Amino acid sequence: MKFLSKTLLLILFLFQTAQAIEVIDILGGKANELAVAVIPFSGDDTDNEKNQIHNIIKSDLSRSGFFRIIKTEGVKSLPANSDQVDYTFWSGLKTELLVIGRVEKNEQQIKVTYDLVDVFKEKLIISTEYMGTLKQARQIGHQISNVIYEKITGTPGVFHTKIGYVQKVNNKKFHLNVADMDGFNAKSVVISNEPIISTRWSPDGEKIAYVSFEKKKPVIFVQNLKTGDRKLVANFKGNNSSPAWSPDSKKLAIVLTYNAFSQIYIMDVNGGDVQRLMRSRSIDTEPVWAPDGKSIFFVSDRGGGPQIYSIDLATEQVRRVTFEGKYNVSPRLSPDGKLLTFITNDNGSYKVAVQNLMSNQVMRLTKGKNDEAPVFSPNGHMVLYTSKESEKETALKTVSLNGFKQQLIDTGPLSNQEATWSPIDF
Amino acid sequence: MNKLFYAGFAMALLAGCSSTPLNDANAPSDAKAGAAKNGELSLDKLRTDSLLTQRSVYFDFDKFEVKPEYLDVVNAHAQYAADHPAAKMTLKGHADYRGSHEYNLALGQKRSVSVKDVMNTSGANDSQIETVSYGEEEANQNCQGQECGQDRRVDISYEVE
């Protein structure tokens, strides 16, 4: 636990010491990671290395930014259970935690047993057994990661959750895909000949709203993930875009243009009762509801370039939120409403930033230079975003708030972008 | 490369226009003739007129103001719309790939609206013009520097075409 308190202290320090607005670039901080060795599980004869339980756990824990993975290649005698641990050896490698496991399989079932061991205290922390079908092997790996993550950080893990994203196939087909949060088990829920953007998973987990250009202009659809039905919910004159769910999943904030600039409206999820939120002589777009439902954050160019503002839904008072830089777009809030993530243009490089809404301190989490569409993980510990390296296809990555660990989401070589994240209890 | 060539060609045409103004698009006799035909469109004119055949208006980075060098083209289309009340056109705004898809959609829309505003002041009726945006969805996702300017534009198209 001491590792965790050190980490949290550092985050608090970073966020609260600055009174004036100050931007900090921190990339790849390593100081607060807990050293963990995940031993290959005995009896895990899965051919594809990526599907081996210990590799699933390693990928998850590494992604979180709270753990540094100790390499076990070349170690002569790897323990198969906690009784066999040579504590002197592992402390010599500066290993703080050990994950040791065993796999037993028959033709249909898999049983996975694992031990989490504190090397310094020479103590077994957790020992648990999971049973499932063979197809559930990856889920079992993610569940083990979740338990370890929560034990160490005190916050539930999100390794069992899903993401949605748009996959471009040869620039001709656009797939709205749903996959495990690490990119595995992808399934297409919509396939279109026209672009799809702005995917938004509903807070109740049942639906994904998105923007399609299949009417030769942007319109808003809602895809029901349970029934497979999809519904055209906004097809007004001009553009229909940027859907944002209310916290109760009953309303959508949307952006309409008619024959003028983009403006924000609120409507029922079925497309009824369309109300204009506010009138401006500027672009107002990319609305996002605060988790308490009391305000909406949005992007406006009313001050010249695009900046993030919020409007209080009771008083209709508008407040500017971002001040650093000339281009800040794509706001999304953390589940507790305390942090704002967005894209900032830093001298021509588009980076993922996070702003503490109490201190207004800004941290840039990535190097750019063409990052887009950030969204918090359902526990608020990571940000999922689109990254593009020149001449390469766009790819999805996560960056952790602790340690700023950037890790690819393995969705294959095609162009993947415009991601959304399921709720935690999905 | 085609796009670049086209832009160069358009610029050459524009340069030509500034030295020898083409007023036939604004000629009153033409206007009367168009109106007299009760809604008929002179498609030949759309296809041959040196200004009306120009269908793209280009913009600076993160900007939406119509640049002075495009006013002749925009005004020619406005005059055509004024002369042909049955004409319906779509102004489709675009943005380069950099930045957010949604903000680029809004920016493309703002560009198409600013072209419409110029057309309105030149006599085109609002009901003849629909403004939409494709944002960055048709943009070159690997453009570099000046090349990206090709994607910051509004395309003018007519319903009959």
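Residues numbered from 1 in each chain as written. Chains lettered and ligands numbered in written order. Predicted model: local features only at pLDDT ≥ 70, side-chain atom pairs only at ≥ 80, totals over all residues.

A closer look at the overall build of chain A
Then, in step 1: Looking only at helices and strands, chain A has four helices and 30 strands in total.
Then, in step 2: Its C-alpha atoms give chain A a radius of gyration of 23 Å, within 12% of the compact-globule value 22 Å for 426 residues.
Then, in step 3: Judged by the C-alpha coordinates and their principal axes, chain A covers about 70 × 55 × 40 Å.
Then, in step 4: Across the 426 residues of chain A, 46% fall into the buried class. (Helix = DSSP H or I, 4+ residues; strand = E, 2+ residues; numbered from the N terminus. Rg over C-alpha atoms; globule rule 2.2 N^0.38 Å. Buried ≥ 20, exposed ≤ 12 C-beta atoms within 10 Å, placed from the backbone.)

Let's talk about the packing of helix H2 (residues 53–64) of chain A against helix H4 (residues 137–153) of chain A
Helices that pack against each other are described as a pair by the angle of their axes relative to one another and the distance between those axes.
Residues and elements named next belong to chain A.
Then, in step 1: Where H2 contacts H4, the two axes come as close as 9 Å, and the packing angle between them is 40 degrees. As the angle between them shows, H2 and H4 are arranged oblique. For H2 against H4, the interelement crossing comes out right-handed. Side by side, H2 and H4 meet where Ile53, Ile56, Ile57, Asp60, Leu61 and Ser64 of the first sit next to Ala137, Arg138, Ile140, Gly141, His142, Ile144, Ser145, Ile148 and Tyr149 of the second.
Then, in step 2: Residues that form the contact of H2 with H4 fall into these classes: nine nonpolar, four polar and two charged. (Axes fitted to C-alpha atoms, helices over the stretch in contact; angles between N-to-C directions. Parallel < 35°, antiparallel > 145°, perpendicular 65-115°, else oblique. Left-handed = near helix turned anticlockwise from the far one by under 90°. Contact = placed C-beta atoms within 7 Å. Nonpolar A, V, L, I, M, F, W, Y, C, P; charged D, E, K, R; others polar.)

So, the interface of chain A and chain B
Then, in step 1: Taken together, the contacts link 32 residues of chain A with 21 residues of chain B.
Then, in step 2: Where the side of chain A that touches chain B is concerned, the elements lending two or more residues are strand E10 (196–201), strand E14 (240–245), strand E18 (284–289), strand E22 (328–333) and strand E26 (372–376) of chain A.
Then, in step 3: By residue class, the composition of the side of chain A that touches chain B is 14 nonpolar, 13 polar and five charged.

Description of the sheet that holds strand E15 (residues 251–256) of chain A
Sheet strands pair via backbone hydrogen bonds, and the direction of the pair is either parallel or antiparallel.
All names here are of chain A.
Then, in step 1: Strand order in the open sheet made by the four strands is E14-E15-E16-E17, with antiparallel pairing throughout. Each end of this open sheet is capped by a strand with a single partner; those strands are E14 and strand E17 (275–276).
Then, in step 2: Pairing of E15 with strand E16 (residues 263–268), which is carried by six bridges, proceeds in the antiparallel orientation. Along E16, the bridge assignment pairs Lys251 with Asp268. (Pairing = 2+ DSSP bridges.)

A short note on the sheet that holds strand E8 (residues 173–180) of chain A
Residue and element names in this part refer to chain A.
Then, in step 1: Pairing is antiparallel across the open sheet formed by four strands, whose spatial order is E9-E8-E7-E30. At either margin of the open sheet sits one strand with a lone partner, and together these are strand E9 (187–192) and strand E30 (415–421). Between one strand axis and the next, the sheet turns through 20 degrees on average, direction left out of account.

Comments concerning the pairing of E18 of chain A
Residues and elements named next belong to chain A.
Then, in step 1: Burial of E18 is extensive: six of the six residues sit out of reach of the surface.
Then, in step 2: With four bridges joining them, E18 and strand E19 (residues 295–300) adopt antiparallel strand pairing. Its bridge partner being in E19, Trp289 is matched across the sheet by Ile296.
Then, in step 3: Between E18 and E19, which pair antiparallel one after the other, the connecting turn spans five residues, and Gly293 there sits at a positive phi close to 75 degrees.

Re the confidence of the model for chain B
Residue and element names in this part refer to chain B.
Then, in step 1: For chain B, per-residue confidence averages 81 on the pLDDT scale, and residues scoring 70 or more make up 76% of the total.
Then, in step 2: When pLDDT is averaged over each element of chain B, strand E1 (residues 56–58) comes out on top at 98 and helix H1 (residues 2–19) at the bottom at 38.
Then, in step 3: Confidence drops under a pLDDT of 50 for residues 1–38, and excluding neighbours within four residues, the segment shows 25 contacts in the predicted structure.
Then, in step 4: Scoring of the predicted complex yields 0.88 for pTM and 0.91 for ipTM. (pLDDT = per-residue confidence, 0-100.)

Overview of the domain arrangement of chain A
Residue and element names in this part refer to chain A.
Then, in step 1: Domain annotation of chain A identifies domain 1 (33–153) and domain 2 (169–421).
Then, in step 2: Here the C-alpha centroids of domain 1 and domain 2 sit 35 Å apart.
Then, in step 3: With eight residues of domain 1 in contact, the opposing surface of domain 2 contributes 11 residues.
Then, in step 4: For the side of domain 1 that touches domain 2, the per-class residue count stands at one nonpolar, four polar and three charged. (Domains from an automatic or database assignment.)

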